[in-house]
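Here's the letter readout for the chains.
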Amino acid sequence: LQQADHDNWLNSYNGLNINKQDTKTLIGKNDNQFKHYLDRYKYFQRYSQKPQLYYRERAEEFLVLLEINLKEHNGTGLVSNHISLADVAIFPFILS
């Protein structure tokens with residue numbers, strides 16, 4: 001993307017700035033917290049330290065954050081009113 005960012009996922013889209021820190025923070029929460037709890041929810045037989053519901057509730061906290069972000073950006077993107085790197089990076093985990 002540093003060489004060819006045709007959709008401006010890293011910088012701006014049609015002159016609107018995309019907050020890089022918001023993007024990094026959201027992707028970090030997805031990759032670390034959400035994925036951690038999602039795996040334990042999906043494969044709870046391997047992670048019997050807590051009940052399956054516990055892992056689901058922790059994962060849902062991230063989904064609530066995504067809903068809030070989408071509402072703030074008119075349902076178009078997670079960190080701006082346009083699709084960004086955050087949307088593309090997180091999308092596959094939400095569909096799984």
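Here the structure is a predicted model, which means the values were calculated and not measured.

Let's talk about helix 2 (residues 52-72)
Turn by turn, an α-helix covers 3.6 residues, leaving residues three or four places apart pointing in a common direction.
Inference 1: The end-to-end C-alpha distance of helix 2 is 31 Å, a good match for the 30 Å that 21 residues give at a rise of 1.5 Å each.
Inference 2: Among the residues making up helix 2, those that are buried are Tyr55, Ala59, Phe62, Leu66 and Asn69.
Inference 3: Count one or two residues on from helix 2 and you reach Asn74, which has phi positive near 55 degrees.

Comments concerning the nonpolar core
Inference 1: Membership of the largest hydrophobic core is limited to 11 residues, which are Leu26, Ile27, Phe34, Leu38, Ala59, Phe62, Leu66, Leu78, Val79, Ala86 and Ile90.
Inference 2: Of all the elements in the fold, those that place two or more residues in this core are helix 1 (20-42), helix 2 and helix 3 (85-95).
Inference 3: Element by element, the count of residues in this core is highest for helix 1, at four residues.
Inference 4: The residues contacting Leu78, other than those within four sequence positions of it, are Leu26, Leu66, Asn69, Leu70, His73, Ala86, Asp87 and Ile90.

Details of unusual backbone geometry
Inference 1: A positive phi angle, near 55 degrees, is found at Asn74, a position not held by glycine.
Inference 2: Tracing the chain through its elements places Asn74 in the loop between helix 2 and helix 3.

Points about the packing of helix 1 against helix 2
Inference 1: Remark: helix 1 packs on helix 2, axes separated minimally by 7 Å, with the N-to-C direction vectors making an angle of 150 degrees. Classified by the angle their axes make, helix 1 and helix 2 are roughly antiparallel. As for the relative orientation of helix 1 and helix 2, their crossing is left-handed in sense. Contacts from Leu26, Lys29, Asn30, Phe34, Tyr37, Leu38, Arg40 and Tyr41 in helix 1 reach Gln52, Tyr54, Tyr55, Arg56, Arg58, Ala59, Phe62, Leu63, Leu65, Leu66 and Asn69 in helix 2.
Inference 2: Looking at the contact of helix 1 with helix 2 residue by residue, the class counts come to 12 nonpolar, three polar and four charged.

Calculation criteria
- Counting of residues starts from 1 at the beginning of each chain's written sequence and follows it residue by residue.
- In keeping with the model being predicted, local features are shown solely for residues with a pLDDT of at least 70 and side-chain atom pairs are shown and tallied solely at 80 or more, while totals for entire chains, interfaces and linings include all residues.
- The basis for every side-chain value is the complete set of heavy atoms in the structure, and neither hydrogens nor water enter the calculation.
- Helix numbers and strand numbers start at the N terminus; a helix is a DSSP run of H or I with at least 4 residues, a strand a run of E with at least 2.
- One less than the number of residues in a helix, times 1.5 Å, gives the span that helix is expected to have.
- Relative accessibility thresholds used throughout: buried, under 20% of the residue-type maximum; exposed, over 50%; partly exposed, between the two (1.4 Å probe, protein chains only).
- Take the buried Ala, Val, Leu, Ile, Met, Phe, Trp, Tyr and Cys residues and link them wherever side-chain atoms come within 4.5 Å; each set so joined is a nonpolar core.
- In this description, contact between two residues means that some pair of their heavy atoms is separated by no more than 4.5 Å.
- The axes used here are C-alpha line fits, helices contributing only the stretch in contact, and every angle between their N-to-C directions lies in the interval 0 to 180 degrees.
- By the definition adopted for this analysis, an angle is roughly parallel if under 35 degrees, roughly antiparallel if over 145, roughly perpendicular if from 65 to 115, and oblique otherwise.
- A clockwise turn of the near helix away from the far one marks a right-handed crossing, whereas an anticlockwise turn of less than a right angle marks a left-handed crossing.
- Asp, Glu, Lys and Arg are counted as charged, while Ala, Val, Leu, Ile, Met, Phe, Trp, Tyr, Cys and Pro are counted as nonpolar; the rest, among them Gly, fall into the polar class.

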